[in-house]
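Topology and contacts: notes
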Amino acid sequence: MRPRKEIPLIEPSLGESAEIDHGEENPYRPLEGTGSRETKFASLCGYMTLRGLFQLMGRTVGAYPWAYITVATILSLNSCGMYKMVLKDRIRDGYTPINAPSRYETDAIREFWNSSGDPMMAILLFIAKDGGSMHRKEHLDETERLYNYLNNNFSVTHAGKRWRFFEMCEPYCNINKVFEMFKEAFDKQYSRVTDGQNASQTTDLLFPVADINGYEVHLERSFFGVKSRPQSGGKVAGKGIETVITNMDHVQVILMLMRGDKSTRVQEELLAKWEVAAYDFALSDNSSLVEVQVVGTEILDNEMIRDGRRMTPFFAAGFGFMISFVSICVFFSAVYYDELDVGKILCAIGATLCPILAITSTYGIVSLLGFHVNSFMLVMPFLIMGIGVDDSFLMIHSWQRMSRCGYTVMQRLGMVYEEVGPSITITSLTNFLSFGIGALTPTPEIRMFCFATAMATGLDYIFQLLLFGPVLALASHCEKPRETKGKSHTGWRLKVEKCSEHVLKLYCKLLNNRLFNILIIGATVCYWYFGIIGLMNIQTRLDAVKILPKNSPLQKPNHLLSNIVWAEYHPVTILINSPLDLNNQTQMHRFWKLVNEFEALHHSKGPASSLIWLRDYYRYYHYGEPYDIMSLLFGVKAQKKEDPIDPFVANVTYSKLDTFLKSPFYKHWEQFMKIANTSNGPVVTCFWMTVAYCNTSSWETRIGLMEDWRALSYRYKDLNATVWEPNGMFVDQMLSLKSVALQTGVLTLLCMAVVCAIFIPNPCSVITASIAIASISLGVLGFLSWWHFDLDPVVMAAVLMSIGMSVDFTAHVSYHYQEIVDGKIVKVRVNGAQEKLEHTLQAVGWPMIQAGVSTVVCILPLLFLQSYSPSVFVATIFLVVCWGVLHGLLVLPAFLCCLPDCLTNVNCYRIFFSTSSEKSCRLPGIPIKKSQSHQKSNDKLNGCHQKLNEEYEGQEDAELENIADIKNFVGGDLNELTDDKMKAFIKVKCQKDDVLDDGCKELFESNKVSFIDEVKAGLSPTDICRNRNCTYTK
């Protein structure tokens, strides 16, 4: 014989007229009472659903708010890490994919130079303050003075020691030899002419290639904006003595390079500090004749960060506007629900405090992990504020609607978490995973932005549950007990309620109208058309004019570089990384064919501007020194006659290489090559050369040239040819932006679709939500193109942000349209798409509008900041809010109305992720009040249970199985509960007067009918089992 089984107590049904007892203990007590362990376990299993877990968490938050606040406070201490925050950008390589060709090309040139780091290269641009020519004697002298001061005297302090640039420039200290040789020759010629002598015949300062004592000096590498005559000689009327010395009539810009090797961490810090200090020096007025402009990657990085810092007061103003807006919304909502008290101030503060703590904690954690904060991460707060405040509005909306129902704090928070928890989980998880995918992109700075944003999204979600929920619990305690709890609105509030319900019904009826649906679909197709056209026409361009602030000092040197320097001289370095066998005619033919193809490309300046050591070696090999050295000593230039040499038929060896490199006319070529001494003599193992191009002011031209250069080098793999150009990484940024943006966008959308599929059990809702997210993203990027924004790293980050924000405007609608949750206690039947829309928009419509408006309000101050990055994010956020609200409140609901109920009512896995059927919705009910009549019935039924337990104690197992049916009836598995079985049980067991009297039989009958009615209404056994802990109306 098995041990006696206890029959758990049953709480009776409660009619609508039940009174409310505010002092009654929470009646939802699944783990309390005198039930058996099996019953308690069954009740606990009722929580093993997504909603059940959130409901359980909400009840514990309501019971122990200070415990959760303590945990949230401990988590927020990560914000203290902000004291180690480092603001830094890596414009040159930070936005270049790690697998970009330019990284391999840079590594190849580093290997040749024996450099372990990326060389620092600052550009000095000298222009005349009076707008005249820079080749005037006094201006050349002032340029030399400023250059010598920056190179030899200007210093920076590091670790207590002063460093000057000439101590850090190896192996590039002679990189400005062109200007030095020109200046020295110019001074000598100027001195001779002013003394009444003729200019020296050994020096001919012709542009673009000068001949200085037998050396060919390419002046085009240092002098730009040049207006020249065919040749010098003879003073030009109205011009200075300079016209006798050189054929240049006007020089607009003199360019010099300051280059150093970042071989160690200390060296990198020194060069970066010197570059920034030189930039600050140039900004001060140090000369009355010459203006110095300094530009470099470190300067550009600092200027971007400085621009980001300028946004700080605008951020503060935006946050202030958002807090004010949230406070106003909470205030009017409290007035409407007649619940105005000090607790609403807590709600307003908590709504904005959660995303702010998520932002500061993210910066703190990133800093503690040793990462830097780039300029894009400074815009991340807008996304987090938008997402966080949206979640807060949903929680406040749900919490406020239950204010008049008389729930205890535990009940109320449990229902708020049950209703809102899954919805904000969808948006938070999709954002977290989408930016997590973005963190896998090959672009380092974009990866950092996505990593930080994903972390902030997760932290905001945690703070919403651990901090904002307890704040609502504390605010609930501030509410005054009222006799009107549970009653409807009266007076003007009733009018507002009726009016809003009427407007909502009319709006939903309009959305359900077929003709209106056709108009919406037509408008959506037009919207897609313009979005696709804009997307196809968007240009990939990294325009420094746009990226830099309009008032940035770097705008001027950028203009000079783009429109003057690169328009006249744009060299590419070609590295031959395989030994060159001069005796191998096949290899030499391949090499000279490579050279000819590079010099034949569009925009090439031709062979005269190329620097190729082998051409001079051919001449030296056949003709020896170009000048008679003895004649040069006496000031007479006696150039030897040389016939042109065809390199394809010339026959040379390395036998004269040593003497070639020792010649005073050719020794400078030694830095262009690496030589290995073999048993057969010296051999050039690798070398580099340059070919110059012009008219390359636009990025489109430079990108096209880079692609042509790489295609050429790939065709000559036998020579192991590699091309390198200082702007190669910028080119790769633009070449990779479209593919990276497309890849990241597609992966993000797929990720969001998967997450929505997990939490939204209806396939149609998942598909429509995913299409809506893609549609919003398409509209944002397409209309950014119509507004003349190009695809650059800033726009790419903004698009990623728009994808994340678009989830909040679509997932909530799709989720609530399927689940249609508006409370917890009472289930009601929903008939048709219109009622679904009414319940959906009633739950998420107003919070969605509030969140959109609050996000726009937050960015309004940035309109007064004339800078590119803020303007991109302002335009993006404005577009995503507009398109998101239109999709969430118009397009998506109208499209869902067009679908038949057989598609929208499908629930693939209702058991775990949903506790409501596809044809019902939850509404907030009235808490249980055990009125006098119902209390008697309850006592009577419990007495019947006791009698049954006493009567059947010690009976056979067959009789105990019948009693187990009652256990199934009151809380166990109801799958076996049938009408016939229940009637049979009552007939056998309940007709004994000594066991159950007529009242007990009637009570059992009424409960039995109530459950069967619920089954017929479409409730699943799991729903009935779980809701057994609540009171039901008949």
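Below: a short report on this structure.

About the cut-offs
- Residues numbered from 1 in each chain as written.
- Predicted model: local features only at pLDDT ≥ 70, side-chain atom pairs only at ≥ 80, totals over all residues.
- Heavy atoms only, no water.
- Helix = DSSP H or I, 4+ residues; strand = E, 2+ residues; numbered from the N terminus.
- Expected span 1.5 Å × (residues − 1).
- Buried < 20%, exposed > 50% of the residue type's maximum accessible area, 1.4 Å probe, protein only.
- Disulfide = S-S within 2.5 Å.
- Salt bridge = Lys/Arg side-chain N within 4 Å of Asp/Glu carboxyl O.
- Core = buried A, V, L, I, M, F, W, Y, C linked by side-chain atoms within 4.5 Å.
- Pairing = 2+ DSSP bridges.

As for helix 10 (residues 312-336)
- Taking 1.5 Å of rise per residue, 25 residues should cover 36 Å, and helix 10 covers 36 Å from first to last C-alpha, within 8% of that figure.
- Among all positions in helix 10, only F315, G318, F319, M322, F325, V326, C329, V330, S333, A334 and Y336 are buried.

Some details on the state of the cysteines
- Going through the model one piece at a time under the given rule, you end up with 1 disulfide.
- Sulfur-sulfur distance for the disulfide between C169 and C173 comes to 1.8 Å. On the S-S bond that ties C169 to C173, the torsion sits near 95 degrees, and the link is right-handed.
- The class for C169 is buried, based on a relative accessible area of 2%.

Digging into the pattern of salt bridges
- Applying the stated criterion across every chain yields a total of 21 salt bridges.
- Among the ionic pairs, K137 bridges to D187, the shortest N-O distance being 3.7 Å. Of this pair, K137 sits in helix 5 (residues 137-153) while D187 sits in helix 6 (residues 177-194), and the two are 50 residues apart along the sequence.
- The closest approach of N and O atoms between R164 and E167, which form a salt bridge, is 4.0 Å.

A short note on the nonpolar core
- Formed by 255 residues in total, the largest nonpolar core has its most connected members in F126, W274, F591, F598, W613 and L614.
- Here this core takes 20 residues from helix 14 (residues 444-477), the largest share from any one element.
- Counting 5 residues, the second-largest nonpolar core is a separate cluster that includes C764, A772, L896 and L899.

Here's the deal with the pairing of strand 10 (residues 253-260)
- Of all 8 residues in strand 10, 8 are buried, a share of seventy percent or more.
- Going residue by residue along strand 10, you find V253, L255, L257 and R259 tucked away on one face and I254, M256, M258 and G260 tucked away on the opposite face as well.
- Bridge analysis of strand 1 (residues 120-128) against strand 10 gives 7 bridges, and the strand direction is antiparallel. Pairing of A122 across the sheet is with M258, part of strand 10.
- As judged from the 2 bridges shared by strand 7 (residues 223-224) and strand 10, these two strands associate in the antiparallel manner. Paired with F224 across the strands is V253, a residue of strand 10.

Points about the sheet that holds strand 6 (residues 215-218)
- If you walk across this open sheet you meet the 3 strands as 4-5-6, and the pairing is antiparallel. Strands with a single pairing partner mark the edges of an open sheet, and in this sheet they are strand 4 (203-204) and strand 6.
- Alignment of strand 4 against strand 5 (residues 209-212), held across 2 bridges, turns out to be antiparallel. Pairing of T203 across the sheet is with I212, part of strand 5.

So, the pairing of strand 11 (residues 290-295)
- Here strand 11 lies mainly inside the structure; 5 of its 6 residues are buried.
- Pairing of strand 1 with strand 11, which is carried by 6 bridges, proceeds in the antiparallel orientation. Within strand 11, the residue paired with F126 across the bridge is V292.

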